[in-house]
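Structure assessment
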Amino acid sequence: MKPPVNNDRFLHIFSPLLIAVAMFLLIRLSHDYPASDNYLNHTSLFIFSELVSIILGTYLCFYLTIRWNGLVMSKKIPVLIEYGAIIVVTLVLVILVMGLSHYIEDRMLTVKDIIGPGVVASLVGIWVYLWIKASTLNKKFQMTMLNNEKIRNEQLMTEMKLLQAQYHPHFLFNMLNTIYFRINEDNQEARDTVEHLSNLLRWQLYPGKGKVDLGREISVIESYIELSKLRFGDRLQLNVNIQNRSEGTKIYPYLLLPLVENAFKHIGGSYLIDINLVCDGKELGLEIKNSVGGNYDRNSSHVGIGMQNLKRRLELLYDKDSYSFKSSCDDNFYTAGLYLKL
């Protein structure tokens, strides 16, 4: 399928010329016919200078009108100033053109000479401005419709992929429940491991709509921490301080877990992790510090997909003044902090 032809360049080149010719004929008709004046009786230099100055002036006004239209839409300029500027610029053009032609024939330019051409030129100027404005609004409308269509298609594709992706975790979740009840009750460590993994899968399968209880998010974090402790064993130095002083607090799901995952993913050196979460019902703060090894890439290691997704979700879900995300790294530790206004 060929892309649509862009006619903007053609219009910008030839439209001012057609407008200039039309305005010249209208002015001559409104000015010369009532006065029974034959325009061809003027000198060739008079006619040439007037034609050239009208064409050049129309091109200038055409591009100024395009710029003015963009400024009006971005700054929301009042209507009186919006159209008053068009009329003023058009009248200035008429006075300059007629002043030049009258100067060539050594004639005095009077107010009576300006009235007819000024009215015609002002009406043409307003019509051109309305045409440009309508074209701009139509382009914006078409772009909005196109973007909305793209968003709808992306949503459908995402929903389809989500439905396809849910089958395998759901099957695994059911199997884990079966394994849990098959483990002997005396082997509590194994049963706890399966239970924590099931807890993580449960909330991934049924994330809920909109905001969820903070207690649920804390439960997910605790399950992930317990599973990670099994991986690192005794070498892990872990300090966890979670203070939820407000029952019923709600936040958007899976904003806290990426920070915890990131700390365990990039831990090194002394294998130390400090996790501090404090919520008082009005604000929530999560600060995580983890040690890093000597081979740690301080420029890119912590800027993975998980952290990029977290930052993007924060931009979409919260106003700029409602959240803060900070991160820093020195020779031994990487620190990240997320602060939310609830």
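Please read these numbers as outputs of a predicted model, since none were measured by experiment.

Time to look at unusual backbone geometry. Glycine aside, negative phi is the norm for most residues, and most peptide bonds take the trans geometry. With phi around 55 degrees, K76 is a residue other than glycine that occupies positive phi space. Within the secondary structure, K76 is located in the loop between α2 (44-75) and α3 (79-104). A relative accessible area of 74% means that K76 is categorised as exposed. Although it is not a glycine, Y254 sits at a positive phi angle of roughly 60 degrees.

Below, the discussion takes up the packing of helix α6 (residues 214-232) against helix α7 (residues 257-265). Running from N to C, α6 and α7 cross one another at 10 degrees; their axes reach a closest spacing of 10 Å. Between α6 and α7, the crossing angle belongs to the class labelled roughly parallel. The segment α6 lies against α7, with V220, I221, Y224, I225, S228, R231 and F232 engaging L257, V260, E261 and F264. Residues that form the contact of α6 with α7 fall into these classes: 8 nonpolar, 1 polar and 2 charged.

For the rest of this paragraph, the subject is the pairing of strand β7 (residues 333-341). Along a regular strand, successive side chains alternate from one face of the sheet to the other. When strand β5 (residues 283-291) meets β7, the two strands line up antiparallel, connected through 9 bridges. Its bridge partner lying in β7, E283 is registered against K341. Counted between consecutive antiparallel strands, the loop separating strand β6 (residues 323-329) from β7 contains 3 residues.

Take a nonpolar patch on the surface next. On the surface, a nonpolar cluster with roughly 420 Å² of combined accessible area is contributed by I13, F14, L17, V21 and L25. Mapping L25 onto the fold places it in helix α1 (residues 8-32). Under the relative-accessibility criterion, L25 is labelled exposed at 54%.

On to helix α8 (residues 305-317). Relative to the 18 Å expected for 13 residues at 1.5 Å per residue, α8 spans 18 Å between its end C-alpha atoms, a close match to the ideal helical length. Of all the residues in α8, the buried ones are M307, L310 and L314. Seen along its axis, α8 keeps its buried residues to an arc of 55 degrees; they face one direction. In α8, those exposed residues whose orientation departs by more than 90 degrees from the buried face are I305 and L316. Turning to α8, the residues buried within the fold contact α7, β6 and β7.

Another aspect to go through is the confidence of the model for the chain. Confidence along the chain averages 80 in pLDDT terms, with 82% of residues attaining 70 or more. Low pLDDT, under 50, characterises residues 1-6; the stretch is placed with 0 contacts to residues that sit more than four places away or in other chains.

So, about the sheet that holds β7. Spatially, β2-β4-β5-β7-β6 is the arrangement adopted by the 5 strands of the open sheet, whose pairing is mixed. The strands lining the two open edges of the sheet, one partner per strand, are β2 (237-244) and β6. Averaged over neighbouring strand pairs, the angle between their axes works out to 5 degrees when direction is ignored. Across 8 bridges, β2 lies against strand β4 (residues 272-279) in parallel orientation. Looking across to β4, one finds that N244 is bridged to C279. The strands touched by α6 are β2, β4 and β5; relative to β2, the strand with the most contacts, the crossing angle is about 170 degrees. Sheet strands in contact with α8 are β6 and β7, and its direction is about 155 degrees off that of β6.

Within this structure, the stated rule accounts for 8 aromatic pairs. Taking 6.3 Å as the distance between ring centres and 45 degrees as the angle between the ring planes, the aromatic pair formed by F62 and W131 counts as tilted. Of this pair, F62 sits in helix α2 while W131 sits in helix α4 (residues 111-182), and the two are 69 residues apart along the sequence. Residue W131 is classed as partly exposed on the basis of its relative accessible area of 29%. Taken together, a centroid distance of 5.9 Å and an interplanar angle of 70 degrees make the contact between Y224 and F264 edge-to-face. Residue Y224 is located in helix α6, and its partner F264 is located in helix α7; the two are separated by 40 residues in the primary sequence. We note that Y224, like F264, is buried. Each residue in the set F62, Y63, W127 and W131 is aromatic and connected to the rest through ring pairs, giving one cluster. Residue placement shows R235 over the ring face of Y271; its charged tip is 4.5 Å from the ring centre. The aromatic ring of F333 is capped on one face by K289, whose charged end is 4.9 Å from the ring centroid.

Procedures and definitions
- Residues numbered from 1 in each chain as written.
- Predicted model: local features only at pLDDT ≥ 70, side-chain atom pairs only at ≥ 80, totals over all residues.
- Heavy atoms only, no water.
- Helix = DSSP H or I, 4+ residues; strand = E, 2+ residues; numbered from the N terminus.
- Buried < 20%, exposed > 50% of the residue type's maximum accessible area, 1.4 Å probe, protein only.
- Axes fitted to C-alpha atoms, helices over the stretch in contact; angles between N-to-C directions.
- Parallel < 35°, antiparallel > 145°, perpendicular 65-115°, else oblique.
- Contact = heavy atoms within 4.5 Å.
- Nonpolar A, V, L, I, M, F, W, Y, C, P; charged D, E, K, R; others polar.
- Pairing = 2+ DSSP bridges.
- Patch = residues over 30% accessible without salt bridge, like charges linked within 9 Å, V, L, I, M, F, W, Y side chains within 5 Å.
- Areas by Shrake-Rupley, 256 points an atom, 1.4 Å probe, with all protein chains shown as cover.
- Salt bridge = Lys/Arg side-chain N within 4 Å of Asp/Glu carboxyl O.
- Expected span 1.5 Å × (residues − 1).
- Arc of directions from axis to C-beta.
- pLDDT = per-residue confidence, 0-100.
- Phe/Tyr/Trp six-rings, centres within 6.5 Å; stacked < 30°, edge-to-face > 60°.
- Lys NZ or Arg CZ within 6 Å of the ring centre and 35° of its normal.

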